[in-house]
Amino acid sequence: MVALSKADFLISWCQHGLDLIYPRNCQSCHLAMADGEAGVLCGTCLSTVKWIEPPFCDRCALPFAGKVEQGFQCSYCAELNLSFRRAVAACRAQGLVRDCIHRLKYDRQMYFGRHLADWLVQAGQEWIDWNEVDGLVPVPLHPRKKRLRQFNQAEYLAALTGKAFGKPVLADVVRRIRDTETQTHLDAQARRANLQGAFAVRKGRTVAGLRLVLLDDVFTTGATLDACARVLRRAGAGDVMVLTVARGV
């Protein structure tokens, strides 16, 4: 779980008092939440989350249904020259997880952020050695899209994750210099073509030798994350890993 600051702790106690008077309803199933349940989702709904568990691809975290005795790389990754060393994803991009991401990202329902951050932290604790990480880099939005959305969900989640692991968030290192067509309806090849020249390392910022975790909400084909990782590696980053809340399957 994401560690609470002193202010968060006081807020949680105030919330507890309010819950005694005005019981909360789960923001997914809308049933009353039990006393002591944190956040805005009940335990029953949270139990539906499909975690990414072994076996999964060593490069892109794609889960595999069969039995594998040792690490493997999926056929998709084997055909690509990926710029990130490996990807870690907390959950499958399905059901409750996908709904929470959409409601944060497009509807600015910020109270889902702590659940998403908790999932990131849990996966990060299990699969990443944070002693070998110098900082987190959130995937940037183009300024036009950020103005429209009013925030960058990757920056928001990176701030909570960085706080949990005591790592700085380097939010101004990579910038999006081309406002690309939406990726939603594009296949993997078209997504990669769409992102050519879309990112750059900001002038005056150096990442030489840094070991970085590139953070975003969803890994679908990996095209966006790979494009970001490529400019970081070209700028001299010593290592780039990927951490996302969800993995498309």
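Just so it is clear, the structure is predicted and the values come from calculations on it, not from any experiment. (Residues numbered from 1 in each chain as written. Predicted model: local features only at pLDDT ≥ 70, side-chain atom pairs only at ≥ 80, totals over all residues. Heavy atoms only, no water.)

**Section: the overall build of the protein**
The condition that has to hold: Segments assigned H or I by DSSP are reported as helices when at least four residues long, segments assigned E as strands when at least two residues long, and all are numbered from the N terminus. Working rule for contacts: check all heavy atoms of both residues, and any pair within 4.5 Å makes them a contact. Here, Shrake-Rupley sampling with a 1.4 Å probe gives the accessible areas, and only protein chains in the shown set may cover a residue.
When you go through the protein residue by residue, the secondary structure sums to nine helices and six strands. Within the protein, counting contacts between residues at least 6 apart in sequence, those at least 24 apart form 72% of the total. Of the roughly 12,900 Å² of accessible surface on the protein, a fraction of 52% belongs to carbon and sulfur atoms.

**Quick look at the packing of helix H5 (residues 113-127) against helix H7 (residues 153-165)**
The following threshold applies: Between the N-to-C directions of two axes lies an angle of 0 to 180 degrees, each axis being a line fitted to C-alpha atoms and, for a helix, fitted only over the stretch in contact. For classification purposes, an angle smaller than 35 degrees is called roughly parallel, one larger than 145 roughly antiparallel, one from 65 to 115 roughly perpendicular, and anything else oblique. Helix crossings get a hand from a simple test, with the near helix turned counterclockwise from the far one by less than a right angle marking a left-handed crossing and a clockwise turn marking a right-handed one. All amino acids are sorted into three groups, where Ala, Val, Leu, Ile, Met, Phe, Trp, Tyr, Cys and Pro are nonpolar, Asp, Glu, Lys and Arg are charged, and the leftover types, Gly among them, are polar.
One way to put it is that H5 packs onto H7 with a least axis distance of 9 Å and a crossing angle of 50 degrees. Classified by the interaxial angle, the pair formed by H5 and H7 is oblique. H7 is crossed by H5, and the crossing has right-handed handedness. On the side of H5, the interface is formed by Gly-113, Arg-114, Leu-116, Ala-117, Leu-120, Val-121, Gly-124 and Gln-125, while H7 contributes Tyr-156, Leu-157, Leu-160, Thr-161, Ala-164 and Phe-165. Among the residues making up the contact of H5 with H7, the classes are represented as nine nonpolar, four polar and one charged.

**What about the pattern of salt bridges?**
Our working definition: When a carboxyl oxygen of Asp or Glu is within 4 Å of a side-chain nitrogen of Lys or Arg, the pair counts as a salt bridge. Buried, partly exposed and exposed residues are distinguished by accessible area as a fraction of the type maximum, computed with a 1.4 Å probe on protein chains only: under 20%, between the cut-offs, and over 50%, respectively.
On inspection of all chains with the given rule, the structure shows eight salt bridges. Residue Arg-85 is joined to Asp-239 by a salt bridge in which the shortest nitrogen-to-oxygen separation is 2.9 Å. Residue Arg-85 is found in the loop between helix H3 (75-78) and strand E1 (86-92), and its partner Asp-239 is found in strand E6 (residues 239-247); the two are separated by 154 residues along the sequence. On the accessibility criterion, Arg-85 (39% relative accessible area) is partly exposed.

**A look at the nonpolar core**
Using the following cut-off: Nine residue types can take part in a nonpolar core, namely buried Ala, Val, Leu, Ile, Met, Phe, Trp, Tyr and Cys, and a core is a set of them joined through side-chain atoms within 4.5 Å.
Residues Val-97, Leu-116, Trp-119, Trp-130, Leu-243 and Val-245 are the most contacted members of the largest nonpolar core, which totals 36 residues. Elements with a contribution of two residues or more to this core: E1, helix H4 (95-105), H5, H7, strand E5 (211-219) and E6. Other than its neighbours up to four places away in sequence, Trp-130 contacts Gly-124, Gln-125, Leu-136, Phe-165, Lys-167, Val-213 and Leu-243.

**So, the packing of aromatic side chains**
Heads up, the rule is: Side-chain rings of Phe, Tyr and Trp, where Trp is taken by its six-membered ring, are said to pair if the distance between their centres is within 6.5 Å; with planes under 30 degrees apart they count as stacked, over 60 as edge-to-face, and otherwise as tilted.
What the rule picks out here adds up to six aromatic pairs. Seen in terms of ring centroids, Phe-56 and Trp-127 are 5.2 Å apart; in terms of plane orientation they differ by 85 degrees. Their pairing is edge-to-face. Pair noted here: Phe-56 is in the loop between helix H2 (43-46) and H3 and Trp-127 is in helix H5, with a separation of 71 residues, a long-range link. Of the residues examined, Trp-127 reaches a relative accessible area of 25% and is grouped as partly exposed. Plain terms: the ring middles of Phe-151 and Tyr-156 are 6.4 Å apart, the flat faces sit at 85 degrees to each other, and that makes the pair edge-to-face.

**Quick word on unusual backbone geometry**
Negative phi values dominate among residues other than glycine, just as trans dominates among peptide bonds. The omega torsion across Pro-54 and Pro-55 is 0 degrees, close enough to zero to call that bond cis. Along the polypeptide, Pro-55 turns up in the loop between H2 and H3. The phi torsion at Ala-61 lies on the positive side, around 65 degrees, for a residue other than glycine. Here the phi dihedral of Arg-108 falls at roughly 55 degrees; this positive angle occurs in a residue that is not glycine. With respect to the secondary-structure elements, Arg-108 resides in the loop between H4 and H5.

**Let's talk about the side chain of Ser-83**
Within the element layout of this structure, Ser-83 appears in the loop between H3 and E1. Ignoring anything within four residues of it in the chain, the contact list for Ser-83 reads Asp-226, Ala-229, Arg-230 and Arg-233.

**Structural notes on the sheet that holds strand E2 (residues 135-138)**
Our working definition: For two strands to be treated as a pair, DSSP must find at least two bridges joining them.
If you trace the four strands from one edge of the open sheet to the other, you get E1-E6-E5-E2, paired in parallel fashion. Of all the strands in the sheet, the pair left with one neighbour each is E1 and E2. Recorded for the sheet is a direction-independent mean angle of 25 degrees between the axes of neighbouring strands. Across the sheet, H5 is in contact with E1, E5 and E6; its angle to E1 comes to roughly 135 degrees. The strands touched by H7 within the sheet are E2, E5 and E6, with E5 carrying the most contacts at an inclination of about 125 degrees.

**A closer look at the pairing of E5**
With seven of its nine residues buried, E5 lies for the most part within the structure. Of the strand pairs in this sheet, E2 and E5 are connected by four bridges, and their pairing is parallel. Residue Gly-135 lies in a different strand from E5, and its bridge partner there is Leu-212. With eight bridges connecting them, E5 and E6 associate as parallel partners. When the sheet's bridge partners are listed, Leu-212 is paired in E6 with Val-240.

**Details of helix H9 (residues 223-234)**
Because each turn of an α-helix spans 3.6 residues, side chains separated by three or four positions in sequence point in the same direction. Filter applied, for reference: To estimate how far a helix should reach, multiply one less than its number of residues by 1.5 Å.
Over its twelve residues, H9 extends 16 Å from the first C-alpha to the last, a length consistent with the 16 Å expected when each residue adds 1.5 Å. Counting buried positions along H9 yields nine of twelve residues, so the element is predominantly enclosed. Packing partners of the buried residues in H9 comprise strand E3 (174-176), helix H8 (188-194), strand E4 (199-201), E5 and E6.

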